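One-letter residues, chain by chain:
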Amino acid sequence: MKALIIDPALHSMGGHHYNATHALRVKLSALGIEHDCLGSANADAQTVRDLGCTPCFTQAVYGRTYETPEEFEQRVKTILKELSLALKQRPKFDLIILPCCDQVLAFALARYFRFRPAPHLVIWTLYAPHHNKPFDDPSTISLRRETREAFAALQRIVGLQRISAFCETPQMADIYRDLTSFEIGVASGPGLVSGKRGQRQGGAPVVSCIGFANEAKGYRLLPEAVREVIGRDHDVRFTIHGFYQGSDARDQAPVFEALAALGPRVTVSTEVLSQSDYLARLSRADLVLLPYDPEVYKTRGSGVFFEARRLGIPVIATKGCGFAQPAFEAGWGVEIPQHGSSDVAAAVLQALQNIDELTARARAASTSHDDVDDILKTAVTRILSGRGRRAQAGP
């Protein structure tokens, strides 16, 4: 059996795309499945070496302008051409995994398999039709139409019985159930493999904000918020990490300079983290701070949140972020009531006052079970079952 991972945005170490592909490779290897990977044409040498990734695609979801229908069609044609060239010299695959599928990639795949036998597909749709706007934004109506068209084509060509589709939040799944005829499951995407965190050791609590510092992550709220917290709580420590090169917030250097100027209780870094460094930093956190824009994240998932849940670390997140709702409901998350610096500070102070109770509830809610393992095993079972039926049918 052979599997192919396709992610046009996979280009460098760190972040969801690298971590998802790494996790998939580990899981496929454990299942004894031979696999390959296609990533960005701009993938750096380390990514190519570490993940066995073949540079392929010149465009990814983050580069879209969303301006005209012609732009959508041109991107589909480009992805289709690059995919066709990459697969020309490769054997057939039984399984294709798309850890970050948008309507462009879906339509390109539908066209590619129009005249070829289609494999089983495992798909995660992480974003609404516009990757940086909420689904109900009036300006995205045309994008909903192109999304319906793309996934309808994929259904016709591949067949529903060979498509396993997932979103990371119930809210996003509802969107794609409306836009497609697929059965949409809810499961966090592939991420870092991690175990449970040890018991909190006491001492000065550590509040951590970590990850890719795009505009919607709310890093601009932090200097004022952190200043207020450390002025009122003389024990707390902050570790703020944010990589922003290549993001939509490349002018964030002054934000991190202002944070670094707050003194020795605030540790700041902006470098790309290896998986082990990322996991080590996250594991040392007593509280994970996620001051995300609720308009952008009302339906979107968060890799940092899912890792915090796995590790049993309480979170502080903005009210309205769909991914955090389970933490709020189960009592291991504290809401930031409004997306502002003073609200962030108030939520952090509230969490610090209740840190032991929050930690106990977070540990109770944590789980080492990974839905991705079940998803891959189910896909393999379906593929093998299909082979068996074809063998019984004979020539």
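For the structure itself, look to the data block above.
All residue numbers refer to position in the chain's written sequence, counted from 1. It should be noted that, the model being predicted, local features are given only for residues of pLDDT at least 70 and side-chain atom pairs only at 80 or more, the latter also being counted only at that level, while totals for whole chains, interfaces and linings use all residues. By convention in this description, side-chain values take in all heavy atoms of the structure and omit both hydrogens and water.

Among buried residues, those of type Ala, Val, Leu, Ile, Met, Phe, Trp, Tyr and Cys that are joined through side-chain atoms within 4.5 Å constitute a nonpolar core. Exposure categories follow from relative accessible area, calculated using a 1.4 Å probe and restricted to protein chains: below 20% of the type maximum is buried, above 50% is exposed, and the middle band is partly exposed. Judged by nonpolar contacts, the single largest core of 44 residues is most densely connected at Ile6, Leu38 and Leu154. Among the elements that make up this core, the one with the highest residue count is helix α4 (residues 103-112) (eight residues). Discounting residues that sit within four places of it in the chain, Leu154 has contacts with Ala106, Leu109, Ala110, Leu121, Ile123, Gly159, Ile163 and Phe182. Grouped together as the second largest cluster of nonpolar side chains are 33 residues, Phe238, Ile336, Leu352 and Leu358 included. To qualify as a helix, a DSSP run of H or I must reach at least 4 residues; to qualify as a strand, a run of E must reach at least 2; elements of each kind are numbered from the N terminus. In this analysis, two residues are considered to be in contact whenever any of their non-hydrogen atoms come within 4.5 Å of each other.

Glancing now at the pattern of salt bridges. In the sections that follow, a salt bridge refers to a side-chain nitrogen of Lys or Arg positioned within 4 Å of a carboxyl oxygen of Asp or Glu. Within this structure, the stated rule accounts for 15 salt bridges. With its nearest N and O atoms 3.4 Å apart, the salt bridge here joins Asp136 to Lys298. Highlighted residues: Asp136 in the loop between β5 (120-124) and α5 (141-158) and Lys298 in the loop between β11 (287-290) and α10 (303-311), separated in sequence by 162 residues. Residue Asp136 is classed as partly exposed on the basis of its relative accessible area of 49%. On the basis of relative accessible area, Lys298 is assigned to the partly exposed category, the value being 24%. Here the salt bridges do not stand alone but share partners, grouping Arg64, Glu71 and Glu146 into one network.

Moving on: the side chain of Gln252. By the element assignment, Gln252 lies in the loop between β9 (237-241) and α8 (253-260). Among the residues examined, Gln252 registers a relative accessible area of 1% and is labelled buried. Every residue in contact with Gln252, bar those within four places of it in the chain, is listed here: Ala213, Asn214, Tyr219, Arg220 and Tyr244.

With that settled, the discussion passes to the environment of Leu143. In this structure, Leu143 sits in helix α5. Expressed as a C-alpha distance, the spacing of Leu143 and Gln103, which sit 40 residues apart in the sequence, is 8.8 Å. Contact partners of Leu143, with chain neighbours within four places excluded, come to Arg64, Tyr66, Gln103, Pro129 and His130.

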